[in-house]
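Residue-level structural notes
Residues per chain are reported as follows:
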Amino acid sequence: MKKQRRWGTLEIAFWIIAASAWFVLPEQHLILTEIVGFAIMALSIDLILGYAGIVSLGQAAMYGVGAYASGLFSIYVTGEPLTGLVVAAISGAVVAFSTSFLLLRGGDLTRLMVTLGVAAVFYEIANQASWLTGGADGLQGITIEPLFGQFEFDLYGHTAYAYSLAVLFVLFIFARLLVSSPFGYSLRAIRDNPLRASAVGIPVKPRLVAIYTLAGAYAGIAGALFSQTQQFISLDALSFQRSADGLMVLVIGGTGYLYGGLIGALVYKIIQDGLSSLTPQYWQFWLGILLVAFVLFGRDRPRLLIRSLSDFLSHRSTRPGASTQENAP
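The structure reproduced in this document is the subject of the present report. (Residues numbered from 1 in each chain as written. Predicted model: local features only at pLDDT ≥ 70, side-chain atom pairs only at ≥ 80, totals over all residues. Heavy atoms only, no water.)

Notes on a nonpolar patch on the surface
Spelled out, the test is: For patch building, the residue pool is restricted to those with more than 30% relative accessible area and no salt bridge; the joining distance is 9 Å between like charges and 5 Å between nonpolar side chains (Val, Leu, Ile, Met, Phe, Trp, Tyr). Each accessible area is a Shrake-Rupley estimate made with a 1.4 Å probe; only the visible protein chains count as cover when residues are assessed. Throughout this description, the term salt bridge denotes a Lys or Arg side-chain nitrogen within 4 Å of a carboxyl oxygen of Asp or Glu. Strands are runs of DSSP state E lasting at least 2 residues, helices are runs of H or I lasting at least 4, and numbering of each runs from the N terminus. Only protein chains enter the accessibility calculation, which uses a 1.4 Å probe; a residue is then buried when its area is under 20% of its type maximum, exposed when over 50%, and partly exposed in between.
Together, Trp-7, Ile-12, Ile-16 and Phe-169 make up an exposed nonpolar region whose accessible area comes to about 370 Å². By the element assignment, Ile-16 lies in helix α2 (residues 9–24). Residue Ile-16 is classed as exposed on the basis of its relative accessible area, which comes to 52%.

Written as structure tokens, this is what we have:
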């Protein structure tokens, strides 16, 4: 577990590059903010799919509830962004906890249908409650106060990107500590063989409920970041497409190692933006072709390449110390 918690060279380089993008790419802060939102959404799905084996198509329910909760909180209570994040996290966690018991009653196919149904129910509730959510017209009038009273959310996304990246970093550190803890290893055991995990004394159902609730909080925070940075929410936040996008991001980046969602979000958004610029009418067709080809021919290669490069750099960094110890008397 101590080895899993150590930061590798590639990890440090990844976050340095992400932070330096604020200085190097000032004209791309808006799209970078969208990428960070995708990454948090994918991270929430990776916690339940990659580590607990819970297949879900309803993560948009927690995402959308978090977005609406944060937006309504900013309208009727206060526009302080950090408080809005807490409200969204609690809202997403409550939705996930209240629906998690439905996931324990069947296999993967049942879970897919149940989570899809839960998201559809919340979508229709938001659509019918137009007096509260704005319905098909979307929730408008969201006003976010300056961060810490100093940094305003401008139209160019400068504050939004730094704010979103900082939130992603905090959530990632917590998730990293969690999956490298005994709790995280018990989730892997449940994912691989629930019956065997139960036989050795692991409380399977409480652990699944706990990780699903945490993933719901993460999705709620992702939704809050969207509402705070865009200052507008539509029904798309609760749509099936939102959950599908998160799964596609994980297909690209890979599951079960946290960075898959982050890398997948970057690659997916770049491909989406590039194809929509080249072929505005058929970009979804070409995106589908690329995803099918990626799954068939190179699904695990990015992860294996990253792991091999990380092991190589770790070996190089520890090699001088090892030689010094060997030559010591």
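The structure having been displayed, the exposition proceeds.
Details of the nonpolar core
The criterion, for reference: Among buried residues, the Ala, Val, Leu, Ile, Met, Phe, Trp, Tyr and Cys ones that are joined through side-chain atoms within 4.5 Å form a nonpolar core.
Ranked by internal contacts, the top residues of the largest apolar core, which has 87 residues, are Ile-40, Leu-47, Ile-54, Val-167, Leu-168, Ile-211 and Leu-258. With 13 residues, the single largest contributor to this core is helix α11 (residues 204–230).

Concerning the packing of helix α4 (residues 59–76) against α11
To be explicit about the condition: Every axis corresponds to a line fitted to the C-alpha atoms, with the helix fit spanning only the stretch in contact, and the corresponding angles, defined between N-to-C directions, vary from 0 to 180 degrees. For classification purposes, an angle smaller than 35 degrees is called roughly parallel, one larger than 145 roughly antiparallel, one from 65 to 115 roughly perpendicular, and anything else oblique. In this scheme the crossing of two helices becomes right-handed for a clockwise turn of the near helix relative to the far one and left-handed for an anticlockwise turn of less than a right angle. In what follows, a contact means two residues having at least one pair of non-hydrogen atoms within 4.5 Å.
Interhelical geometry of α4 versus α11 gives an angle of 50 degrees and a closest axis separation of 7 Å. When the interaxial angle is binned, α4 and α11 end up oblique. The hand of the α4/α11 crossing is right-handed. Here Gln-59, Met-62, Tyr-63, Gly-66, Ala-67, Ser-70 and Gly-71 of α4 come into contact with α11, specifically with Tyr-212, Ala-215, Gly-216, Ala-219, Gly-220, Ala-222, Gly-223, Ala-224, Phe-226, Ser-227 and Gln-228.

Quick look at helix α3 (residues 29–49)
As a reminder, the rule being used: Expected helix span is computed as 1.5 Å times (number of residues minus one).
A rise of 1.5 Å per residue sets the reference length of α3, with its 21 residues, at 30 Å; its end C-alpha atoms lie 30 Å apart and thus fit the reference within 8%. For α3, the tally of buried residues reaches 18 of 21 residues, placing the bulk of the element in the interior.

Overview of unusual backbone geometry
Even without being glycine, Gln-231 reaches a positive phi, approximately 55 degrees. Of note, Gln-231 is situated in the loop between α11 and α12 (240–253). Judged by relative accessible area, Gln-231 falls into the partly exposed class, the value being 29%. Residues other than glycine seldom take positive phi values, yet Leu-258 does so here, at roughly 65 degrees.

Structural notes on the pattern of salt bridges
Here the structure, examined in full by the defined rule, presents three salt bridges. As a salt-bridge pair, Arg-176 and Glu-11 come within 2.9 Å of each other at their nearest N and O atoms. With a gap of 165 residues between them, Arg-176 in helix α8 (residues 158–179) and Glu-11 in helix α2 connect regions that are remote in the sequence. Given a relative accessible area of 8%, Arg-176 falls into the buried group. Judged by relative accessible area, which is 15%, Glu-11 ranks as buried. The partner of Lys-269 in a salt bridge is Glu-34, with the nearest N and O atoms 2.8 Å apart.

Everything listed here is a matter of coordinates, which is why it stays silent on function.
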